[in-house]
Structure formats: structure tokens, C-alpha cells
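Architecture at a glance
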Amino acid sequence: MAELQEVQITEEKPLLPGQTPEAAKIHSVETPYGSVTFTVYGTPKPKRPAILTYHDVGLNYKSCFQPLFQFGDMQEIIQNFVRVHVDAPGMEEGAPVFPLGYQYPSLDQLADMIPCVLQYLNFSTVIGVGVGAGAYILSRYALTGLTSSIPEMILGHLFSQEELSGNSELIQKYRNIITHAPNLDNIELYWNSYNNRRDLNFERGGDITLKCPVMLVVGDQAPHEDAVVECNSKLDPTQTSFLKMADSGGQPQLTQPGKLTEAFKYFLQGMGYMASSCMTRLSRSRTASLTSAASIDGNRSRSRTLSQSSESGTLSSGPPGHTMEVSC
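Source: prediction; values computed, not measured.

Let us look at the overall build of the chain. Across its full length, the chain carries 12 helices and 11 strands. For the chain, the proportion of its 328 residues judged to be buried stands at 38%. Put simply, 66% of the contacts in the chain that link residues at least 6 apart link residues at least 24 apart. Carbon and sulfur atoms provide 54% of the accessible area of the chain, an area that totals close to 18100 Å².

Structure (C-alpha cells):
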């Protein structure tokens, strides 16, 4: 998806007391139905969707939405969300007249342009604001968006917004793998099954819980960090190890294989396996505190803290059935 134009401008509008001009970037991308121009205000906010607008017939994004987004009470909202204003083809300011005989895209085709915009910006979710024809276009996109932008939706499931915005080699690699997957239709079926999953209904101390040792791992920038934390709160603390990895996103097995390997070794040691294995990587890192709780006499419990320093070289494993919380 090649970028045709990127121009930084300052929006001309009356400023509220204490308000500074808001920088905007104009982008144009090619789509299967022609070029589309859109203007971006603000920067992406972690774990928040973008606000995407689409205007009505006879208007462009400025004439349709400027009064709304300049309104005083609206400022609190726009400070918390990045905004993407899409102009229908040929409706942007300064647009040339289409040549005689030009076939303008249908509203369905205009809706199919939106995934190209989101893919270019690395946005996985948006809050749509449409007026008239723009509302129809956004509604059509909401009905068909799952099929047309399924690679981006899956990437938004796998990686955090920060990772997608960074567009590292890893992100580019997996975007290419998913986008060009020969079995994309099969992937969509798997994705649909995932989205129709039932709640596990775990309940700490209840009848529905895991009775085997469990290790939960999540990156501190993962898109589903809160869900993993909540799951940990519902599991048996005497059987559960919880590891939150610093500087890691949605796929720690890809971004932090060394730390994950050491954590897995410790988990296995806690189950009584590989007792002689050394914790090489984590033992060379900064001091980590491990808090564990073990049942004593079946009635009362005690907690203890195991500290691992850079001088220790190894980390002793606790007894089977311990709870471990680590941030590394």
C-alpha cells in the first residue's frame, strides 16, 4: 500500500484559551477502487481505538465535522483519541475534477476502502462517526469489515497497538505471513470460532477451576493483559504461577524467548522436574522477587519471598503447588 502524499499542516480555527494549534497530517493511499485521502490529528493512545469520521454528500471532512470538533466541550474527548477524517474520493480540498467518463466508486466500494486506511495506519479498531452517506458507508464497513480486514483484526489480537505502530521487522513479518496466507479462508473460520467462544467461568474456591499446576504468562504491553490478570485472580493461588514480562507485547514467545524459557524451567522445577537446571538468563538479570504461598497442615498458609540476585547464579524452586508472581 504505497503512500501518495503526506503533508503536515496546522488546522486554521479559533483557539480556546490556553489551547495550542493541533498538527494534522494528510495522507493518500491507493486502494483497489482508487485513491483515498484522509487527515490524522493526534497520536495513537495505548489500548484505545481511533475516532474515524466519514462525511455526507456535498461536504468534506472540514465542512461536515469542524464545528463539532471545535466545540469547547469536545476538547476533552479529542485529547484522548487520535482522529482520522476520511474524505470521499475527489471531495478533499484542492481535488482535481475527474475526467469525463470516470466511474465513481459505489458506496459498498467506498466502505471497502476503509480497511486500506486502517492497514496503512496500523489501526485495528475505530469508533466510527458518520453523517448521511458517511453513516451508510461506515455501517456497510461494520457489516463486511471482518472479512475485508481480517489480517489486521488478527494482528490486533496478536500484538499490542504500540507494537503495530512501531511496525518492527517482526510485525512486518507476521503481517506478510497472515495477509498472504493461502489458507486465509480457513483462518477466518478459526477466528470466527474464537470470537464465539464461551466463558470458562473459573471461580476461585468454586467447583469450576483448574486443579493442576498452571503458569500464566503475559507481556506488560499485551492487548489482553487485563484478561490474563483477571484469569489469574480466579485460579487457585496454590497451583498458579503468574509471570508478567516487561518490554513484551502480545507474543512473548517471539519477543522474549530467553526469559520465557527460564520461567518455564522454574515452573518445571516447581513440579519436581529438572532440579539441577540453572536459571542462567534470569540469574544474570536484576534482582527479582518471587512471592510464593504454600499450604501447611492443610489449614493455614504461610508466604515467603525468594530473592534472586545477580550473584546467586541459581534460583531454588519452591515446593509443588506454590504461587509465584514475577515481573521481569
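As a further point, take the layout of surface pockets. Approximately 730 Å³ is the volume attributed to the largest pocket. Lining the largest pocket are 29 residues, and of these Y194, H224, A227, V228 and C231 sit closest to its centre. Of the residues in the lining of the largest pocket, the class split is 16 nonpolar, eight polar and five charged. Both of domain 2 (150-196) and domain 3 (214-271) provide at least three residues apiece to the lining of the largest pocket.

What follows deals with a nonpolar patch on the surface. Together, M271, Y273 and M274 make up an exposed nonpolar region whose accessible area comes to about 300 Å². Within the secondary structure, M271 is located in the loop between α11 (257-270) and α12 (280-284).

Glancing now at unusual backbone geometry. You will see that N167, though not glycine, has its phi angle at about 50 degrees, which is positive. Judged by its relative accessible area of 29%, N167 falls in the partly exposed class. Unlike most non-glycine residues, D247 shows phi in positive territory, near 55 degrees.

Below, the discussion takes up α11. Since there are 3.6 residues in each turn of an α-helix, residues three or four apart along the chain are aligned in direction. End to end, α11 covers 20 Å across 14 residues, agreeing with the expected 20 Å (1.5 Å per residue, within 8%). Those residues of α11 lying buried are G258, L260, E262, A263, Y266, F267, L268, Q269 and G270.

The subject of this paragraph is the pattern of salt bridges. Inspection of the entire model under this criterion finds five salt bridges. Ionic pairing is found between K62 and E93, a salt bridge with its closest N-O pair at 3.7 Å. Of this pair, K62 sits in helix α1 (residues 61-70) while E93 sits in the loop between β5 (83-87) and α3 (107-121), placing them 31 residues apart in sequence. Overall, the relative accessible area of 56% leaves E93 in the exposed class. With its nearest N and O atoms 3.3 Å apart, the salt bridge here joins R140 to D108. With R140 in helix α4 (residues 133-148) and D108 in helix α3, the pair connects residues that are 32 residues apart, well separated along the chain. The exposure class assigned to R140 is partly exposed, which follows from its relative accessible area of 27%. Overall, the relative accessible area of 35% leaves D108 in the partly exposed class.

With that settled, consider the packing of helix α5 (residues 150-158) against helix α7 (residues 169-179). The N-to-C vectors of α5 and α7 enclose an angle of 140 degrees; their axes lie 9 Å apart at closest approach. With respect to each other, α5 and α7 are oriented oblique. Crossing hand, α5 versus α7: right-handed. Residues P151, E152, I154, L155 and L158 of α5 pack against Y174, R175, I178 and T179 of α7. Its residues assigned to classes, the contact of α5 with α7 comprises six nonpolar, one polar and two charged.

Moving on, we come to the nonpolar core. F38 and V84 are the most contacted members of the largest nonpolar core, which has 22 residues in total. Looking at this core, the elements with two or more residues in it are β3 (34-41), β4 (50-54), β5, α3 and α4. In terms of residues, this core owes the most to one element, α3, which gives seven residues. Each residue touching F38, except ones within four places of it in the same chain, is listed here: K25, I26, H27, V29, V84, H85, V86, V117, Y120 and L121.

Once that is clear, we can look at α7. Among all positions of α7, only I171, R175 and I178 are buried. Taken end-on, α7 shows its buried residues confined to a sector of 70 degrees, consistent with a single buried face. Close packing links the buried residues of α7 with α3, α5, α6 (161-166) and α8 (184-195).

Thresholds, definitions, all that
Residues numbered from 1 in each chain as written. Predicted model: local features only at pLDDT ≥ 70, side-chain atom pairs only at ≥ 80, totals over all residues. Heavy atoms only, no water. Helix = DSSP H or I, 4+ residues; strand = E, 2+ residues; numbered from the N terminus. Buried < 20%, exposed > 50% of the residue type's maximum accessible area, 1.4 Å probe, protein only. Contact = heavy atoms within 4.5 Å. Areas by Shrake-Rupley, 256 points an atom, 1.4 Å probe, with all protein chains shown as cover. 1 Å grid on protein atoms, 1.4 Å probe; cavity = no way out; pocket = protein on both sides within 12 Å on 5 of 7 lines; lining within 4 Å. Points joined across faces, edges and corners; volume = space filled by probe spheres on them. Nonpolar A, V, L, I, M, F, W, Y, C, P; charged D, E, K, R; others polar. Domains from an automatic or database assignment. Patch = residues over 30% accessible without salt bridge, like charges linked within 9 Å, V, L, I, M, F, W, Y side chains within 5 Å. Salt bridge = Lys/Arg side-chain N within 4 Å of Asp/Glu carboxyl O. Expected span 1.5 Å × (residues − 1). Axes fitted to C-alpha atoms, helices over the stretch in contact; angles between N-to-C directions. Parallel < 35°, antiparallel > 145°, perpendicular 65-115°, else oblique. Left-handed = near helix turned anticlockwise from the far one by under 90°. Core = buried A, V, L, I, M, F, W, Y, C linked by side-chain atoms within 4.5 Å. Arc of directions from axis to C-beta.

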